[in-house]
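# Structural characterization, general
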Amino acid sequence: MLPTQKSMIDPVGRTVDYLRISVTDRCNERCLYCMPEHYSGWLPHSDILTYDEILAVVRTGVGLGFKHFRVTGGEPLLRPGIADFVGRLVRTPGVQTVDMTTNATRLPQLARPLYDAGLRRINISLDALDPAIYRSITAGGIQPVLEGLRAVQDLGFESVKLNTVLIRGRNDGQILPLVRFAAEHNVAIRFIELMPVSLTEMLDESNFLSAAEAGRMIAADDEMEPMDAALGFGPARYFRLKRSGAIVGLISALTDLHFCDRCNKMRLTADGRLRPCLGNHLETNLIPALRPSLDEPALETLINSTLAVKPAEHLFRENYQPGRVMTAIGG
């Protein structure tokens, strides 16, 4: 029997029904915009939520109004037992959709187990096609990423998207090749503005490239037609390119002054903090309601109290200094 679902309405009237779940802070790449160069502040394993604890949050959240879930990291595919967890999440009553964001480096081995577990929606980070540029941004190799993309497409995943973080001076010249690559592979690609979510030199404004500027580069090559339908539950505005048919999404977290108007999400960190906004230091510790044993009424209270302080907008435009690096917050 499905749990009775309510609606979660935040202080400014937005319906919040989307929870992003970080299952680990570990990653096998070191992207410039996500992790400081010499970062080693990994969480102790004892601080990481168990899969049972995460699912307890999901079940309680479903009863309150969460419907859509995304599994993130760090790199989620590094955590042992991830396919089994995804299967349990997919089968949880009241869960309507489950997505995953991954760097795809382990997808060649895990695409089949994830598909068998019921995962059908996946986003792959791809910041460049040129191997040298890709390595300069991620410190990783591009070949397993391309193999991972091929694997999920061969299996028939129903939604596959590419994510590209825009970095001036690094991957500006990769924008059009990435759009053409997406068209050739019949996948949507989203270009995401650089956000102050790391403690690296990436906070320098000279690295910032707006989504609008990327859009103008794309439009100069191929006419962009706005799409009415949203693809998924995130904040991207989508366009279809007239000649190639490519679908391009633009995520303008800093330059769109109305970006937060349609925010519908919260984030659960790997160590059990519930964050109502990526660009704000607010977070609620759920651990007291999960350990030593589940206290569901207390967990409901903590989730509702977090909803009650969800801010109207992020602080990224106000010289925001992140207190936790992105890999510790979750994508």
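Once a new chain begins, its residue numbering starts again from 1 and follows that chain's sequence as written. Per-residue local features of the predicted model are confined to residues with pLDDT of at least 70, and side-chain atom pairs are confined, for both listing and counting, to 80 or more; whole-chain, interface and lining totals are unaffected and use all residues. The basis for every side-chain value is the complete set of non-hydrogen atoms in the structure, without hydrogens or water.

## A look at the overall build of the protein
Scanning the protein for helices and strands turns up nine helices and twelve strands. We call a residue buried when its accessible area falls under 20% of the maximum for its residue type, exposed when it is over 50%, and partly exposed in between, using a 1.4 Å probe and counting protein chains only. The buried share of the protein, reckoned over its 331 residues, is 56%. A contact between two residues is defined here by any heavy atoms of the two lying within 4.5 Å. Counting only contacts in the protein whose residues sit at least 6 apart along the sequence, the fraction spanning at least 24 positions is 74%. Surface summary for the protein: the accessible area is close to 13,900 Å², and the carbon and sulfur share equals 52%. Secondary structure elements follow DSSP: runs of H or I no shorter than four residues count as helices, runs of E no shorter than two count as strands, and numbering proceeds from the N terminus. Accessible surface area values rest on a Shrake-Rupley calculation with a 1.4 Å probe, where residue burial reflects the displayed protein chains alone.

## Thoughts on the pairing of strand β10 (residues 265–268)
Taking every second residue as pointing to the same face, both faces of β10 are buried, with K265 and R267 on one and M266 and L268 on the other. In terms of strand pairing, strand β1 (residues 18–22) meets β10 through four bridges, oriented parallel. Residue L19 lies in a different strand from β10, and its bridge partner there is M266. Whether two strands pair depends on DSSP finding at least two bridges between them. In this structure, β10 lies alongside strand β11 (residues 273–275), joined through two bridges in antiparallel fashion. Pairing of L268 across the sheet is with L274, part of β11. Where β10 folds back on β11, the antiparallel hairpin that results is connected by four residues, among which G272 adopts a positive phi of roughly 85°.

## Points about the environment of P311
Inspection of the secondary structure puts P311 in the loop between α8 (296–308) and α9 (326–329). Accessibility expressed as a relative area gives 17% for P311, which makes it buried. Counting along the chain gives 300 residues from P311 to P11, while the straight-line C-alpha distance between them is 7.7 Å. Aside from chain neighbours lying at most four places away, what touches P311 is R14, P276, C277, N280 and L282.

## Topic: helix α7 (residues 211–221)
Listed in full, the buried residues belonging to α7 are A211, A214, G215 and I218. Viewed along the axis of α7, the buried residues span an arc of 100°, placing them on a single side of the element. Set apart from the buried face of α7 by more than 90 degrees, the exposed residues are R216 and A220. Close packing links the buried residues of α7 with α6 (175–185), β6 (188–192), β7 (224–226), β8 (237–241) and β9 (247–251). Note: the arc covers the axis-to-C-beta directions of the helix.

## Some details on the sheet that holds strand β3 (residues 97–102)
Read from one edge to the other, the open sheet built from twelve strands follows the order β7-β8-β9-β6-β5-β4-β3-β2-β1-β10-β11-β12, with strand pairing classed as mixed. Pairing within the sheet leaves two strands with one partner each, and these edge strands are β7 and β12 (284–285). Comment: axis = line fitted to C-alpha atoms, over the contacting stretch for helices; angle = value between 0 and 180 degrees taken between N-to-C directions. Relative to β9, α7 is tilted by about 155°, and along the sheet it contacts β6, β7, β8 and β9.

## Notes on α8
In a regular helix each residue adds 1.5 Å, so 13 residues correspond to 18 Å; α8 covers 18 Å between its end C-alpha atoms and thus fits that length. Looking only at α8, the buried set comprises L299, I303, T306 and L307. Buried residues of α8, viewed axially, fall in a sector of 105°; they line one side. Exposed residues pointing more than 90 degrees away from the buried face of α8 are listed as P297, T301 and A308. Here the buried face of α8 lies against α1 (51–64), β10, β11 and β12. Multiplying 1.5 Å by the helix residue count minus one yields the expected span of that helix.

## Quick notes on unusual backbone geometry
The amide bond that connects G73 to the next residue, G74, takes the cis arrangement and shows omega of 5°. With respect to the helices and strands, the residue G74 is situated in the loop between β2 (68–72) and α2 (82–90). A positive phi angle is found at A104, which is not glycine, with a value near 75°. Within the secondary structure, A104 sits in the loop between β3 and α3 (107–117). Its identity is not glycine, yet A139 carries a phi of approximately 65°, on the positive side.

## Here we look at the nonpolar core
Definition of nonpolar core: a set of buried residues of the types Ala, Val, Leu, Ile, Met, Phe, Trp, Tyr and Cys, connected through side-chain atoms within 4.5 Å. Grouped together as the largest cluster of nonpolar side chains are 77 residues, with contacts concentrated most on I82, F85 and F191. For this core, the element with the most residues is α1, which contributes eight residues. Beyond its immediate sequence surroundings of up to four residues, F85 is in contact with V23, Y51, I54, L55 and V71. With seven residues, the next largest nonpolar core counts C31, C34, I137 and I167 among its residues.

## Some details on the pattern of salt bridges
Salt bridge, as applied in this entry: a Lys or Arg side-chain nitrogen positioned within 4 Å of an Asp or Glu carboxyl oxygen. Evaluated as defined, the whole model comprises 13 salt bridges. With its nearest N and O atoms 3.1 Å apart, the salt bridge here joins R180 to D221. On the criterion of sequence distance, the pair formed by R180 in helix α6 and D221 in helix α7 is long-range, its members being 41 residues apart. Overall, the relative accessible area of 26% leaves D221 in the partly exposed class.

## Considerations on the pairing of strand β5 (residues 159–165)
Of all seven residues that make up β5, seven are buried, and the element is covered over most of its length. On β5, burial covers both faces: S159, K161, N163 and V165 on one face and V160, L162 and T164 on the other are all buried. Pairing geometry for strand β4 (residues 121–125) and β5, over five bridges, is parallel. Bridging across to β5, N123 finds its partner in K161. Whether a crossover is right-handed comes down to one check: with the strands pointing away from the viewer, does the path from the first strand over the helix to the second run clockwise; if it does, it is right-handed. For the segment spanning β5, α6 and β6, crossover handedness is right-handed.

Don't take any of this as a statement about function, it's just geometry.
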